[in-house]
Structures are given as C-alpha cells and as structure tokens.
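# Observations on the three-dimensional arrangement
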Amino acid sequence: MSAAGGTFDVAGVSIPKLGLGTFDMDGEAAVVAVSEGLKAGYRHVDTAEMYGNERAVGEGIRASGLPREDVFVTTKVWHDHLTDHAMQSAAEASLDRLGVGQVDLYLIHWPSPDVPVAEAVRALCRIRHRGLARAVGVSNFPAALVEEAVAAADVELAVNQVEYHPYLDQDPVLSAVRRNGMGLIAYCPIARGKVLRDETIVGIAERHGVSPVAVTLAWLIAQDGVIAIPKSRSPQRLRENFAAATLTLTTEEHAAIDALRSPSGRLIDPDFAPAWD
Ligand SMILES: NC(=O)c1ccc[n+]([C@@H]2O[C@H](COP(=O)([O-])OP(=O)(O)OC[C@H]3O[C@@H](n4cnc5c(N)ncnc54)[C@H](OP(=O)(O)O)[C@@H]3O)[C@@H](O)[C@H]2O)c1
C-alpha cells in the first residue's frame, strides 16, 4: 500500500504512518469523519469494539468510494474478552459490524490482570491464523509485557499502540518495540489539543505556515517505526492535520520538540492500567 506520509512495513502488512482516530465519535459524525478523512488522503482508520462505532466506521469506509483493499483498518478487543473463546467471538462480531471479511490489524486493547498475557496472545495469534486479521498486535503494553507477548506469540506481532505525544517520554517502550522489529502507533498524538497552546510548537508552525497539529504529527511520523492516529470530527481540521504528510522539520526543530517530553505527561491512566515504564 502506498500512502502520503509513508508506510511502516511489518509482519506482512504495510501500515500508513498517518491514520484516523475515531474514539468518541459515533453515528453520522463518525461516518462523515471517516469518509471525508479518506477523501482527504488518509488510508488508515483506527476503531475498537469499545468505541461502539464499528458500524459507522464501516459505513464511512464504503461511503468514501475507495476499494476495501486501499484502506488499512484496525480494530481492538476489549480487556474483558481475552480468553480464546471470548476473543474469537469478539473478533467475528467486530468484522460483522464493520462489514468486512478481514481487518488489517487486530489489537489487544489493554492487558488484563485476570488473563495471563501468554494466554491472551495465543488467542490473538489464532485470530491471525484463522484469517480474521492480516496482522495482530497489542496496545497499552509496557516494555516488560511487550517482551512477554513476543515470547508467547507464534506469529510476528506488528505493533504496540500506546499514548505518545510531545509531553510523554516513551523511550523504554520505543526501545522494546524496535528491539522486536515492531512499530509503535501513537494515540493521543496531539495530546488532545494541548499542542495548540505550546509556544515551541506554535513557533515552528508559524515558520512553516501550517498548524501546530501538523507540526506535531510530522515530528511523530518522522520517527523510525512510529505511526500516528489523530482524531477530528471536523473535515476541515482533518485536511489541515494531513499537511503533516508532506512536512519535513529540521533537526533543530525535532530537537526542540524532543525537549518537551517528560515521564509524567500521561493523559490516559484508567484504574485497570498496567504498571507503566
Ligand atoms: N489504544 C488506546 O487505548 C487508545 C486510547 C485513546 C485513543 N486511542 C485512539 O487514538 C485516537 C487519537 O487519540 P484521541 O482522539 O484520544 O486524541 P487526539 O487525537 O490527540 O486529540 C483529539 C482532539 O483534538 C482535537 N483536534 C484534532 N485536530 C485538531 C485541530 N487541527 N485543531 C484543533 N483541535 C483539533 C479534536 O477535536 P475535534 O474532533 O473537535 O476536531 C479532539 O478533541 C483515538 O481517536 C483512538 O482511535 C486509542
């Protein structure tokens, strides 16, 4: 698959580095965001059974008029469906709601304290063996759990999807995924809008004549193995954000954004989260 902004090729799939997040959107809003996003050039859509919008996302993909094989579709299994029986049924239900015969990527959304990682990963691998997904991976796995997952898997794991933006240092998990030949999908890539008020990023954006969001996304996707999935319900903002696909920052600009990172900049930390790095 070729895509503006490039792709990360892993585990037999080619993942467009700029994707569309869909959390907190349902119904017509999700249909419009997905179809307009795809018309604007995105070729990668991220959803999850937990978002309750897989039907709308599927409808949005069909409304874009693009052939199914031109759109990279990811969905995720919630952490209460990690036993083999529950995961196989959850995947079948997700495919049914999306209206596709197979997704491109299927992820364990969060590790669960109730189901050992090895057991969940064996169930995940069976999703791939059964052809329900072209590739599989994990989400919200700290470095130690990435190693456990890789050790238990009998297929290549493609990615770990985690929170990553200019305010969160993710070096330990980045090293773990790179060591294992995996990609890192950055969620909350624009820190839910915080980058819009950041002096450093706004200054760089003004120099390039683009938005601070586009600068942040360009910073992310220029990193080895990093993929970003910003979300917007506005077709105009989706187009504005897609400027990242053709934006190149200087080494000094990258370093200035690198310097904003801190270990404590996490936005998403539910009570069922694992022990972070
Ligand atoms: N695996 C996981 O556990 C997990 C967790 C969280 C998220 N995710 C995935 O990652 C995706 C992205 O994360 P996110 O949605 O939480 O956060 P995000 O993409 O960092 O930020 C989304 C917010 O930024 C706003 N925004 C987007 N573009 C903008 C622009 N150009 N100007 C001003 N505001 C803008 C959006 O508002 P408007 O919509 O009004 O434009 C929305 O409120 C999700 O949608 C989901 O697919 C995964």
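This report concerns the structure included in the present document. (Residues numbered from 1 in each chain as written. Predicted model: local features only at pLDDT ≥ 70, side-chain atom pairs only at ≥ 80, totals over all residues.)

Our focus in this paragraph is the pairing of strand β5 (residues 103–108). Both faces of the sheet carry side chains from a regular strand, because those side chains alternate between them. Across the six residues that make up β5, a large majority, six, are buried. For strand β4 (residues 72–77) and β5, the ladder comprises four bridges, and the chain directions are parallel. Residue V77 lies in a different strand from β5, and its bridge partner there is I108. Between the parallel pair β4 and β5, the chain is carried across by helix α3 (residues 84–98), and the sense of this crossover is right-handed. Here β5 runs beside strand β6 (residues 133–139); their pairing, made up of five bridges, is parallel. Across the sheet, V103 pairs through a bridge with A133, a residue of β6. For the crossover that starts at β5, traverses helix α4 (residues 117–129) and ends in the parallel β6, the hand is right-handed. (Buried ≥ 20, exposed ≤ 12 C-beta atoms within 10 Å, placed from the backbone. Helix = DSSP H or I, 4+ residues; strand = E, 2+ residues; numbered from the N terminus. Pairing = 2+ DSSP bridges. Right-handed = clockwise from strand over helix to strand, strands pointing away.)

Our next topic: α4. Helix length check: α4 (13 residues) gives 18 Å between terminal C-alpha atoms against 18 Å at 1.5 Å per residue, within 8%. Where α4 is concerned, the buried positions are V117, A120, V121, A123, L124, I127 and R128. Relative to the axis of α4, the buried residues are bounded by an arc of 160° and lie together on one face. In this structure, α4 carries A118 and H129 as exposed residues pointing more than 90 degrees from its buried face. Looking at the buried positions of α4, the neighbouring elements they touch are α3, β5, β6 and α5 (143–152). Two residues or fewer past α4, G131 is found with a positive phi of approximately 80°. (Expected span 1.5 Å × (residues − 1). Arc of directions from axis to C-beta. Contact = placed C-beta atoms within 7 Å.)

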